[in-house]
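The lines below spell out each chain.
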Amino acid sequence: MTTIELPTELPFRATTAQACQWLAQQTGAPWTLARMLEQGVTPYVWLDHDADHPALFGDANGGYAAPIFFEGDIARLIAGSNDVLITITKDVWKIVTRLKEPGLRRQLHELRFLKKDLERLVGKLKREAEIAAEPVVIEAARESQDGISGAQVLVAFARLVRIDLEQALADAGGMFGDDGARVKGSVRKAKNKALWNPVTLALGLNDVYRVPLPHLTRAFHAHDFLDAWAGEWSHTLALLGK
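The structure presented is a predicted model; accordingly, all values stated were derived computationally and were not measured. (Residues numbered from 1 in each chain as written. Predicted model: local features only at pLDDT ≥ 70, side-chain atom pairs only at ≥ 80, totals over all residues. Heavy atoms only, no water.)

Colleague: Mind showing me how you'd approach the packing of aromatic side chains here?
Modeller: Both the distance between ring centres and the angle between the ring planes are used here to describe each pair of aromatic rings. For the structure on display, the rule yields 3 aromatic pairs. Ring geometry for F57 and Y64: centres 5.6 Å apart, planes at 80°, overall edge-to-face. Y64 carries the same exposure label as F57, and that label is buried. Between the aromatic rings of F220 and W233, the centroid separation amounts to 4.8 Å while the plane-to-plane angle is 10°, which identifies the pairing as stacked. Of the two residues, F220 is situated in helix α9 (residues 213–222) and W233 in helix α10 (residues 227–240); the sequence distance between them amounts to 13 residues. An identical accessibility class is assigned to F220 and W233; each is buried. Chaining the aromatic ring pairs together yields one cluster made of F157, F220 and W233. (Phe/Tyr/Trp six-rings, centres within 6.5 Å; stacked < 30°, edge-to-face > 60°. Buried < 20%, exposed > 50% of the residue type's maximum accessible area, 1.4 Å probe, protein only. Helix = DSSP H or I, 4+ residues; strand = E, 2+ residues; numbered from the N terminus.)

In structure tokens, the structure reads:
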């Protein structure tokens, strides 16, 4: 008698095991904690109210789900840490907060992943697979009129470089020669109206400022305004053999 495995019901906040099992069912490939984090999925840990950190909780006397997104904290988990260390998170009002050293430690089994984030990841992977399956059509080069604003550039990439990226955008034209990553024709009345191609910009940040490609990939998966560019970024890396 053949046993039919029913799809896992994904809870609002899934454990690592639940998230990996559901992703495996949706994609047909095995998943691990490290792979989810590399894809930019944000883990959360429930923090019970702690009198030693009153600023974190505000009026949330029962506690709240704190996100783990700081690069160092995430890298530690990807490397295979046997516990969770939180040094930077967001408080109950969603304001980024650096915790007093040595930070907060929690057990790995306390990690949770939001249902909406996992569903969004699957949708993105399916779109990328569809793009990869499409035949490559060589067309005459044409300038895209789409891009992201300077403010969005700073949100996505500023923390990855040691330079003053805001000043670099203002001073360096396209940043990487000629128009560089800046969308040609996007500056008509004022520099602050410039749009930037995030794929070209990310490649330049890797080439000129040595920002690691995995860090840039996580940035494309971590921000809604880069959703439309994530497939192009993955396709570009594939063409470059990265």
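Colleague: Quick question: what am I supposed to make of the pairing of strand β2 (residues 43–47) here?
Modeller: Consecutive residues of a regular strand have side chains that alternate between opposite faces of the sheet. Here β2 lies mainly inside the structure; 4 of its 5 residues are buried. As judged from the 2 bridges shared by β2 and strand β8 (residues 112–114), these two strands associate in the antiparallel manner. Considered in β8, the bridge of Y44 is made with R112. As paired elements, β2 and strand β3 (residues 64–67) share 4 bridges and run antiparallel to each other. Each residue of the ladder has a partner; that of L47, found in β3, is Y64. (Pairing = 2+ DSSP bridges.)

Colleague: Hey, could you run me through unusual backbone geometry in this one?
Modeller: Both trends apply: most residues other than glycine have a negative phi, and most peptide bonds are in trans. Cis geometry marks the peptide bond from E101 to P102, where omega comes out at 10°. With respect to the helices, strands and loops of the structure, P102 is situated in the loop between β6 (96–98) and β7 (104–107). Even without being a glycine, K94 presents a positive backbone phi close to 70°. Checked against the element boundaries, K94 lands in the loop between β5 (88–90) and β6. Although it is not a glycine, R210 sits at a positive phi angle of roughly 60°.

Colleague: Before we go on, may I ask you to explain the pattern of salt bridges in this structure?
Modeller: Where charged atoms of side chains with opposite charge meet at close range, the side chains can pair. All chains considered together, the criterion is met by 6 salt bridges. Put simply, R159 and E71 hold a salt bridge, and the shortest N to O gap is 3.6 Å. Taken as a pair, R159 in the loop between α6 (150–157) and α7 (165–171) and E71 in helix α4 (residues 71–78) lie far apart in primary sequence, 88 residues in all. What makes E71 partly exposed here is its relative accessible area of 24%. Here R120 ties to D224 by a salt bridge, and the two come within 3.0 Å at their closest N and O atoms. Of this pair, R120 sits in helix α5 (residues 115–133) while D224 sits in the loop between α9 and α10; the two residues are 104 residues apart in sequence, bridging distant segments of the chain. Residue classification places R120 among the partly exposed residues on the basis of a relative accessible area of 26%. Among the ionic contacts, a cluster of salt bridges with common partners joins R120, K124, D224 and D227. (Salt bridge = Lys/Arg side-chain N within 4 Å of Asp/Glu carboxyl O.)

Colleague: What is the right way to read the sheet that holds β2 from this model?
Modeller: Hydrogen bonds along the backbone pair up the strands of a sheet, which may run parallel or antiparallel. The antiparallel open sheet is built from 4 strands, whose spatial order is β1-β8-β2-β3. With partners counted over all chains shown, the strands left at the sheet margins are β1 (13–14) and β3, one partner each.

Colleague: Just to check I follow, could you spell out the packing of helix α8 (residues 198–209) against α9 for this structure?
Modeller: For any two helices packed against each other, one specifies the inter-axial angle together with the distance between the axes. Viewed as axis vectors pointing N to C, α8 and α9 meet at an angle of 155°, and their least axial separation amounts to 10 Å. Between α8 and α9, the interaxial angle falls into the category roughly antiparallel. Seen from above, α8 lies across α9 with right-handed handedness. The residues of α9 that touch α8, namely those facing P198, V199, A202, L205 and N206, are L213, L216 and F220. Across the contact of α8 with α9, the residue classes tally to 7 nonpolar, 1 polar and no charged. (Axes fitted to C-alpha atoms, helices over the stretch in contact; angles between N-to-C directions. Parallel < 35°, antiparallel > 145°, perpendicular 65-115°, else oblique. Left-handed = near helix turned anticlockwise from the far one by under 90°. Contact = heavy atoms within 4.5 Å. Nonpolar A, V, L, I, M, F, W, Y, C, P; charged D, E, K, R; others polar.)

So far we have only geometry, and geometry alone does not tell us how the molecule works.
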